[in-house]
Amino acid sequence: MSVTIYHNPDCGTSRNALAMIRQSGVEPTVIEYLNTPPDRDTITKLVEDAGLTLRQALRQKDTPYDALGLGDPSKSDAELLDAIEAHPILLNRPFVVTCIGTRLCRPSELVLGILENPDIGPFTKEDGQLVSAQGKRID
């Protein structure tokens, strides 16, 4: 199975999603999107394929979201894309793409829904939350 993760190694949610992918038996293509930002077309496709609006894919915490006035509902998608291109940290993470689908994996265990082998065995997130035990997801 081909898996691509748009990853930020400084983000615990992203690290947890990456660890779950690897525990499923797949070594994904890892794109550190702050170092190699996706272009406008890729961003648009990720967001659409995940069933989100561009506004839903924006990260507000620890970003220039407020300083740029991105909460203004009159901002167009083109303006939001301009902001993401200038400040890739505004794109929420991690986005994960598999042959099953594309998801913004927040919380990280959402990745299990698009993995070929979601029964990853016992897995505890960095914060101590148990995600799966005996290979079955805990809901």
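In this report, we go over the structure that sits alongside the text. These numbers come from a predicted model, not from an experiment.

## Describing helix H2 (residues 40–49)
Piece 1. Of the positions making up H2, those classed as buried are Ile 43, Leu 46 and Val 47. Seen along its axis, H2 keeps its buried residues to an arc of 95°; they face one direction. Along H2, the residues that are exposed and aim more than 90 degrees away from the buried face are Asp 41 and Glu 48.
Piece 2. Residues of H2 that are buried sit in contact with strand S1 (4–7), helix H3 (77–86), strand S3 (95–97) and strand S4 (102–104).
Piece 3. The backbone nitrogen of Asp 41 lies 3.2 Å from a side-chain oxygen of the residue at the head of H2, namely Asp 39.
Piece 4. Gly 51 occupies a position one or two residues after H2 and carries a positive phi of about 75°.

## Some thoughts on the state of the cysteines
Piece 1. The full count for this structure, using the stated rule, is 0 disulfides.
Piece 2. The closest cysteine sulfur to the non-disulfide-bonded Cys 99 is located on Cys 105, 14 Å from its own sulfur.
Piece 3. On the basis of relative accessibility, which here comes to 64%, the residue Cys 99 falls in the exposed class.
Piece 4. Of all cysteine sulfurs, the one in Cys 11 lies closest to Cys 105, which takes part in no disulfide; the gap is 11 Å.

## Topic: helix H1 (residues 12–23)
Piece 1. For H1, with 12 residues, the first-to-last C-alpha span of 16 Å sits near the 16 Å given by 1.5 Å per residue.
Piece 2. For H1, the complete set of buried residues consists of Thr 13, Ser 14, Asn 16, Ala 17, Leu 18, Met 20 and Ile 21.
Piece 3. Of the residues trailing H1, Gly 25 is marked for its positive phi of about 100°.

## Focus on the packing of H2 against H3
Piece 1. At their nearest, the axes of H2 and H3 sit 10 Å apart, and the two run at 115° to each other. By the angle between their directions, the pair H2 and H3 is classed as roughly perpendicular. The chirality of how H2 crosses H3 is right-handed. Residues Arg 40, Ile 43 and Thr 44 of H2 form the contact with H3, whose own contacting residues are Ala 78, Leu 81, Asp 82, Ile 84 and Glu 85.

## Here we look at the environment of Thr 124
Piece 1. With respect to the secondary-structure elements, Thr 124 resides in strand S5 (residues 123–124).
Piece 2. Once the C-alpha coordinates of Thr 124 and Met 20 are considered, the two residues, 104 residues apart in sequence, prove to be 9.5 Å apart.
Piece 3. Sequence-distant contacts of Thr 124, defined by excluding residues within four places in its chain, comprise Gln 129 and Leu 130.

## Details of the pairing of strand S2 (residues 29–32)
Piece 1. For S1 and S2, the ladder comprises 4 bridges, and the chain directions are parallel. Bridge pairing in S2 places Ile 5 opposite Val 30.

## A short note on the pattern of salt bridges
Piece 1. Here the structure, examined in full by the defined rule, presents 6 salt bridges.
Piece 2. For the salt bridge of Asp 82 with Arg 40, the shortest nitrogen-to-oxygen distance reads 2.6 Å. Here Arg 40 lies in helix H2 and Asp 82 lies in helix H3, a separation of 42 residues in the sequence.
Piece 3. What makes Asp 82 partly exposed here is its relative accessible area of 43%.
Piece 4. Of the charged contacts in the structure, one is a salt bridge between Glu 109 and Lys 125, with a shortest N-O distance of 2.9 Å. Of the two residues, Glu 109 sits in the loop between S4 and S5 while Lys 125 sits in the loop between S5 and strand S6 (130–133), which places them 16 residues apart along the sequence.
Piece 5. Since its relative accessible area comes to 10%, Lys 125 is described here as buried.
Piece 6. The structure contains a network of salt bridges with shared partners spanning Arg 40, Asp 82 and Glu 85.

Rules and cut-offs
- Residues numbered from 1 in each chain as written.
- Predicted model: local features only at pLDDT ≥ 70, side-chain atom pairs only at ≥ 80, totals over all residues.
- Heavy atoms only, no water.
- Buried < 20%, exposed > 50% of the residue type's maximum accessible area, 1.4 Å probe, protein only.
- Helix = DSSP H or I, 4+ residues; strand = E, 2+ residues; numbered from the N terminus.
- Arc of directions from axis to C-beta.
- Contact = heavy atoms within 4.5 Å.
- Polar contact = N/O pair within 3.5 Å; in protein donor to acceptor, adjacent residues only side chain to side chain.
- Disulfide = S-S within 2.5 Å.
- Expected span 1.5 Å × (residues − 1).
- Axes fitted to C-alpha atoms, helices over the stretch in contact; angles between N-to-C directions.
- Parallel < 35°, antiparallel > 145°, perpendicular 65-115°, else oblique.
- Left-handed = near helix turned anticlockwise from the far one by under 90°.
- Pairing = 2+ DSSP bridges.
- Salt bridge = Lys/Arg side-chain N within 4 Å of Asp/Glu carboxyl O.

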